[in-house]
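Chain by chain, the residues run as shown.
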Amino acid sequence: MRRRFEGGVRGNPAGMSTGLIIALIVIVAAVLIVAAVLTLRGRNPQHGRGLKRRFGPEYDRAVARHDGDEKAAERELAERVERHGSLREQPLEPAQRQRYEERWTAAQERFVDSPREAVAEADRLIAELAKDRGFPDGGQYEEQFAALSVHHAHHVHGYRRVHTVVGARVNADRDGDGRVNTEELREAMVEARALFEDLVGPPQRREESRTPTDESHVRAGQPRDGRENSRGHLPWAFNRRHAKGS
């Protein structure tokens, strides 16, 4: 009796079908898990295409700094995201915003007679403004720049330019040669203004909300209507002929 029962179980085709179904379910589940992991990896901002989208031109600059090694550049950028991605920018009080705008306008006007001093002031302004918005202290430039690059990647290079130019000036003065290319100073100042505009604006103002037309005029240092910008300041309209040589 027992032998017949055991033999019936072993020979039951339904039992084999159940085992086969279970095996298929396990295989399908494994395939789905792998596919989900690959999909999430592709969407992860800390990998390849996600980093390129997030950092834009800053991604290419990181690759160049690593002599074309994309993996090394991506590790660096991913570390920036990990350290600073959760940072929440603090809003400015209206009085703070006005003071920063007035100081920037004054620096632009000073450029005509003292380009180097104007660029140095722009460097200080961005460092102070970034700190007030919740970024690391400007005394730790590299860390502050890394945090800014995560949240303002498309404009952060302007900060690098003015900071580099100021550093080059200090080194030149130390070596007894204070000459600095005025056109380089002008370009650095114009490019830095884009980051300043991003930081001094309200928190909801972001790169993705800016139209190409807006971007072109910010880079040129002029508002779209050619008169006053949205905050009532006259455009920075001097050109390379107006600035005195340094």
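Residues numbered from 1 in each chain as written. Predicted model: local features only at pLDDT ≥ 70, side-chain atom pairs only at ≥ 80, totals over all residues. Heavy atoms only, no water.

## A short note on the pattern of salt bridges
Two side chains that carry opposite charge are able to pair once their charged atoms sit near each other. In total, this model carries 16 salt bridges according to the counting rule given. For Arg-65, the salt bridge goes to Glu-58, with nearest N and O atoms at 3.9 Å. The exposure class assigned to Glu-58 is buried, which follows from its relative accessible area of 0%. One salt bridge connects Glu-121 with Arg-103, and the closest N-O pair in it is separated by 3.2 Å. One end of the pair, Glu-121, is in helix H7 (residues 115–132); the other, Arg-103, is in helix H6 (residues 94–111), and 18 residues separate them in sequence. Among the charged side chains, a salt-bridge network with shared partners connects Glu-58, Arg-61, Arg-65, Glu-76, Arg-80 and Arg-160. (Salt bridge = Lys/Arg side-chain N within 4 Å of Asp/Glu carboxyl O. Buried < 20%, exposed > 50% of the residue type's maximum accessible area, 1.4 Å probe, protein only. Helix = DSSP H or I, 4+ residues; strand = E, 2+ residues; numbered from the N terminus.)

## Some words on the environment of Glu-101
Its location among the elements puts Glu-101 in helix H6. Assessed through its relative accessible area of 9%, Glu-101 is described here as buried. Along the chain, Glu-101 and Phe-196 lie 95 residues apart, while their C-alpha atoms are 9.0 Å from each other.

## Focus on the packing of helix H5 (residues 70–84) against helix H8 (residues 141–151)
It is at 9 Å that the axes of H5 and H8 come closest, and there the two elements cross at 90°. Between H5 and H8, the interaxial angle falls into the category roughly perpendicular. Contacts from Arg-80, Val-81, Arg-83 and His-84 in H5 reach Glu-143, Phe-145, Ala-146, Ala-147, Ser-149, Val-150 and His-151 in H8. (Axes fitted to C-alpha atoms, helices over the stretch in contact; angles between N-to-C directions. Parallel < 35°, antiparallel > 145°, perpendicular 65-115°, else oblique. Contact = heavy atoms within 4.5 Å.)

## Quick word on the confidence of the model for the protein chain
For the protein chain, the mean per-residue pLDDT works out to 76, and 65% of the residues sit at or above 70. Residue range residues 4–9 is modelled with pLDDT below 50. Its contacts to residues more than four positions away, or to other chains, number 0 contacts. Across residues 40–45 the pLDDT falls below 50, and counting only partners more than four positions away or on other chains, this stretch makes 6 contacts in the model. (pLDDT = per-residue confidence, 0-100.)

## A short note on the nonpolar core
In terms of nonpolar packing, the biggest core is built from 33 residues, with Val-119, Leu-148, Tyr-159 and Leu-199 touching the most fellow members. For this core, the secondary structure elements donating two or more residues are H6, H7, H8, helix H9 (157–174) and helix H10 (182–200). By size, the runner-up hydrophobic cluster in this structure holds 10 residues, among which are Leu-51, Tyr-59, Val-63 and Ala-153. (Core = buried A, V, L, I, M, F, W, Y, C linked by side-chain atoms within 4.5 Å.)

## Overview of the packing of H6 against H7
Running from N to C, H6 and H7 cross one another at 165°; their axes reach a closest spacing of 8 Å. Overall, the two elements H6 and H7 adopt an arrangement that is roughly antiparallel. The two elements H6 and H7 cross, and the hand of that crossing is left-handed. In contact with Gln-96, Tyr-100, Arg-103, Trp-104, Ala-107, Arg-110 and Phe-111 of H6, H7 contributes Pro-115, Glu-117, Ala-118, Val-119, Glu-121, Ala-122, Leu-125, Ile-126, Glu-128, Leu-129 and Asp-132. By residue class, the composition of the contact of H6 with H7 is 11 nonpolar, 1 polar and 6 charged. (Left-handed = near helix turned anticlockwise from the far one by under 90°. Nonpolar A, V, L, I, M, F, W, Y, C, P; charged D, E, K, R; others polar.)

## A closer look at the side chain of Glu-74
Position of Glu-74 relative to the elements: it lies in helix H5. Notably, Glu-74 is buried but unbridged: the nearest opposite-charge side chain belongs to Lys-71, and the N-O separation is 4.2 Å. A polar side-chain atom of Glu-74 sits 2.7 Å from a polar atom in the side chain of Tyr-59. Setting aside chain neighbours within four positions, we find Glu-74 in contact with Gly-48, Leu-51 and Tyr-59. (Lys, Arg positive; Asp, Glu negative; His and termini not counted. Polar contact = N/O pair within 3.5 Å; in protein donor to acceptor, adjacent residues only side chain to side chain.)

## Concerning H6
Taking 1.5 Å of rise per residue, 18 residues should cover 26 Å, and H6 covers 26 Å from first to last C-alpha, within 8% of that figure. Inspection of H6 places Arg-97, Tyr-100, Glu-101, Trp-104, Thr-105, Ala-107, Gln-108 and Phe-111 among the buried residues, and these make up the whole buried set. Seen end-on, H6 carries its buried residues on one side only, within an arc spanning 160°. On its buried face, H6 sits against H7 and H10. (Expected span 1.5 Å × (residues − 1). Arc of directions from axis to C-beta.)

## Comments concerning the packing of aromatic side chains
Centre-to-centre distance and the angle between the planes together describe a pair of aromatic rings. All chains considered together, the criterion is met by 3 aromatic pairs. Both rings, one in Trp-104 and one in Phe-196, keep their centres 4.4 Å apart while their planes meet at 15°; by these two values the pair is stacked. One end of the pair, Trp-104, is in helix H6; the other, Phe-196, is in helix H10, with 92 residues separating them in the sequence. What makes Trp-104 buried here is its relative accessible area of 2%. Looking at Phe-196, the relative accessible area reads 2%, which means it is buried. The interplanar angle of 40° and the centroid separation of 5.8 Å between the aromatic rings of Tyr-141 and Phe-145 together place this pair among those described as tilted. Here Tyr-141 pairs with Phe-145, and both are found in helix H8, just 4 residues apart, close to one helical turn. Residue Tyr-141 shares its accessibility class with Phe-145, and that shared class is buried. Members of the aromatic cluster, connected to one another through ring pairs, are Tyr-141, Phe-145 and Tyr-159. (Phe/Tyr/Trp six-rings, centres within 6.5 Å; stacked < 30°, edge-to-face > 60°.)

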